[in-house]
Amino acid sequence: MKLHEYQSKELLRERGLNVGPSAVATSADQAREVAEQLAADGAKRFAVKAQVHAGGRGKGGGIKLAETPEQAGELAGAMLGTALITPQAGPEGVVVRQVLIEAGADIAAELYVGLTIDRTARCPVVIASAEGGVEIEEVAEHSPEAIFKEPCVPGWGLRPFQATRLAYRLGLDGRVARAVAAAILKLARAYDDLDASLAEINPLVIGPDGEVTVLDAKIVLDDNALFRHADLAELRDRSEEEPLELEASEHSLSYVALDGTVGCMVNGAGLAMGTMDEISNAGGFPANFLDVGGGASVERVASAFRILMKGAQVKAVLINIFGGIVRCDRVAKGVIEALETIDVNVPVVVRLQGTNAEEGREILRASDLEFIVAETLQDAAQKAVAAAAGQSP
Amino acid sequence: MSILIDADTRVLVQGITGAEGSFHSRQCIEYGTRIVAGVTPGKGGTRFDDSVPVYDSVIDAVRETEAEISLVFVPPPFAPDAVMEAADAGLRLVICITEGIPTLDMVDVVGYCNGRGTRLIGPNCPGVISPGKSKVGIMPAFVHQEGRVGVISRSGTLTYEAVDQLTRAGLGQSTCIGIGGDPVIGTTFKDCLELFAEDEQTEAVVMIGEIGGSGEEEAAEFIAADYPLPVVSFIAGQTAPPGKRMGHAGAIIAGGKGTAAEKMKALLDAGADVVDSPSELGAKTLEVLSR
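Here the structure is a predicted model, which is why all the values come from computation and not from measurement.

Conventions and cut-offs
- Residues numbered from 1 in each chain as written.
- Chains lettered and ligands numbered in written order.
- Predicted model: local features only at pLDDT ≥ 70, side-chain atom pairs only at ≥ 80, totals over all residues.
- Axes fitted to C-alpha atoms, helices over the stretch in contact; angles between N-to-C directions.
- Helix = DSSP H or I, 4+ residues; strand = E, 2+ residues; numbered from the N terminus.
- Contact = placed C-beta atoms within 7 Å.
- Nonpolar A, V, L, I, M, F, W, Y, C, P; charged D, E, K, R; others polar.
- Core = buried A, V, L, I, M, F, W, Y, C linked by C-beta atoms within 7 Å.
- Buried ≥ 20, exposed ≤ 12 C-beta atoms within 10 Å, placed from the backbone.
- Pairing = 2+ DSSP bridges.
- Domains from an automatic or database assignment.
- pLDDT = per-residue confidence, 0-100.

> Before we move on, can you summarise the packing of helix H6 (residues 189-197) of chain B against helix H7 (residues 215-224) of chain B with the specific residues and values?
One way to put it is that H6(B) packs onto H7(B) with a least axis distance of 8 Å and a crossing angle of 35 degrees. Counted together, Phe189(B), Lys190(B) and Leu193(B) of H6(B) and Gly215(B), Glu216(B), Glu218(B), Ala219(B), Phe222(B) and Ile223(B) of H7(B) form the full contact between these two elements.

> Provide a residue-level description of the interface of chain A and chain B, including the pertinent values.
Counting residues at the interface gives 47 residues for chain A, matched by 49 residues for chain B. Those elements giving two or more residues to the side of chain A that touches chain B turn out to be strand S8 (123-129), strand S13 (254-257), helix H9 (269-281), strand S15 (288-291), strand S17 (348-354) and helix H13 (377-388) of chain A. When residues in the side of chain A that touches chain B are grouped by element, the largest group, eleven residues, is from H9(A). Class assignment of the residues belonging to the side of chain A that touches chain B gives a composition of 19 nonpolar, 19 polar and nine charged.

> Got a sec to walk through the nonpolar core? Specific residues and values, please.
Counting residues in hydrophobic clusters, the biggest one holds 201 residues, and the most contacted among them are Ile184(A), Val83(B) and Val94(B). If one sorts the elements of this core by residue count, helix H6 (residues 174-194) of chain A sits on top with ten residues. Residues within four places of Val94(B) in sequence aside, it is in contact with Ile69(B), Ser70(B), Val72(B), Val83(B), Ala86(B), Ala87(B), Cys113(B), Thr118(B) and Leu120(B). Grouped together as the second largest cluster of nonpolar side chains are 25 residues, Leu38(A), Val52(A), Leu80(A) and Val96(A) included.

> Before we move on, could you go through the pairing of strand S6 (residues 99-103) of chain A and cite the residues and values that matter?
Residues and elements named next belong to chain A. Of all the five residues making up S6, five are buried; the element is thus mostly covered by neighbouring parts of the structure. Of the two faces of S6, both are covered, the one formed by Val99, Ile101 and Ala103 as well as the one formed by Leu100 and Glu102. The sheet contact formed by strand S1 (residues 22-25) and S6 spans four bridges and is antiparallel. Pairing of alanine 23 across the sheet is with isoleucine 101, part of S6. Direction of pairing for strand S2 (residues 46-50) relative to S6: antiparallel, over a ladder of five bridges. Residue pairing in the sheet places phenylalanine 46 in a bridge with alanine 103 of S6.

> Go over the domain arrangement of chain B with me, naming the residues and quoting the values.
All names here are of chain B. Domains assigned within chain B are domain 1 (10-121) and domain 2 (139-289). Taking only C-alpha atoms, the centre of domain 1 and the centre of domain 2 are 26 Å apart. Contact residues are listed per partner, giving nine residues for domain 1 and eight residues for domain 2. Those elements giving two or more residues to the side of domain 1 that touches domain 2 turn out to be helix H4 (103-115) and strand S7 (119-121). No other element matches H4, which puts five residues into the side of domain 1 that touches domain 2. Looking at the side of domain 1 that touches domain 2 residue by residue, the class counts come to seven nonpolar, one polar and one charged.

> Residues and numbers for the sheet that holds strand S6 (residues 93-96) of chain B, please.
All names here are of chain B. Strand order in this open sheet of seven strands is S3-S4-S2-S1-S5-S6-S7, and the pairing throughout is mixed. The strands lining the two open edges of the sheet, one partner per strand, are strand S3 (47-48) and S7. In this structure, strand S1 (residues 10-14) lies alongside strand S5 (residues 69-72), joined through four bridges in parallel fashion. Across the sheet, leucine 12 pairs through a bridge with serine 70, a residue of S5.

> An account of the confidence of the model for chain B is needed here, citing residue identities and associated values.
In the predicted model, chain B carries a mean pLDDT of 96, and the fraction of residues at 70 or more is 100%. Across the interfaces of the predicted complex, the ipTM metric reaches 0.94, alongside a pTM of 0.95.

Next up, the structure:
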């Protein structure tokens, strides 16, 4: 689950990190008022930052600097309600609903500090670089020697000497090195405490007087751990999510919208990806990823169908079920029940394999509904692609 | 021989009285797996289906029944502790089926198991089967057939699909291992390749990977260093977009890394036979074995 910058900063502030003064605004007036308050507390410049989940917002014009509270209000007004097109948001962009108004910082140096899971080492790893303010992937690309790492050893976590070692490797010393090491340790504790899968401060800013401040922060939480963080689960911003993906998640279905024309419904994530690949091999492209789960019950098949059919470009549907513990005859009945309640006006290709597959196919053939029945995965993909292209089987 | 489990392996099931645990334990017993004990705290002294003794703790079960390995069906909040309990009792192998365990819990669990010499398979996996000998997992038994192909996979149903193709092509399997779809897992592709290399029954390996992480690349490095068996591989998610989790917690292209294309190239360069389509796995394995 992705958090906004302002939410991430609040969580870090609560955990002892030095985060500059800022507040969220949802209108131009409110933005100006926030800036006026910051000015009263001594701020001389202001940053207006779009609060959206898509990365690369700076490149898309989602971060602007203002000299006066009035200007901050105007910039916020221009940003709010408009679609921000960032490298990661796709061509339609994302609508800005909130902005963060922040006191402008004096910057002597910018660092990158982040934690993520090192899947090979099988533990969290701290990543640090003296090249803050740019994406870490870019640094990794052009100057991998500028990136330093320390593992959080299972059962022990990040030890203070590791944080200190990182600070010195970044070329810092004295009071600043100590402050940066302390910030790294606090970030590592926050990562653990929040059950995060990603926590990054980019940049961590060193001011002219050596003060260390969090200027931008991004936290992604582990969905699987939300059951023990009811307070964090409430931070979910549903307005940032793709509507169909959101609807699917409410039915505990795993759905990802894609831009092809063949809608697919498959049991199991790996087979669902394999089915998408097979569609592409057959010359088409999938409209979505959809895993109905190993069980594929009638209710799940029905809700999956409803969500699937809402995909605007769906020209044909491919149902691929490998019956293991779940019996194909029951899945077939589920498909028929679902189709009796939902208006499906595109060809439906069904491929059932595994337990009671033949009985399942027989049930489909015997029904009043029209199905294109396929035997192998390849056959199914080819039939679905042809159907989506308007060719009769 | 097979790897990890054989006809004599004595298995205990943690969570044997739960809905999932009881259903699949019966299926395993029906297959011939020697399920010698169950563990559900609070139900010690009872019997599962009037036959398998249930204990309150793993250590009691091991003392009484000489169980060697454990199959875990405990729900996510409690599964990490269950795996650690099994490792503490000295079991050589723990197979954890549970999906949805927090990643940071698995970091601690894997560290704990490594420190005690316990091999963990999973979590979020279908388990292990050595066809004709023993099934310790949730896979549909009927698609399998005893034979000479080893199978390693991060997924469930896609593996059944591949195994079904192998069986139809007349190729049985030595052992099929689901290593799990989570970011942090106990046993990797490389670990399984090592085990198959030493198994006399196994003559080829089918390896089914997917987007996310670098387990396939690490396996490729190992294959490149004179791996003795032919490897046929498919990587799922060639059409998956970056930054989106594709069902499995570990199936995500993050920061441009972990794409199917990278993995396929690494495996090809290492000398593996890589197929573009999952439909070709059976035929390609048959071809590789007749070379």
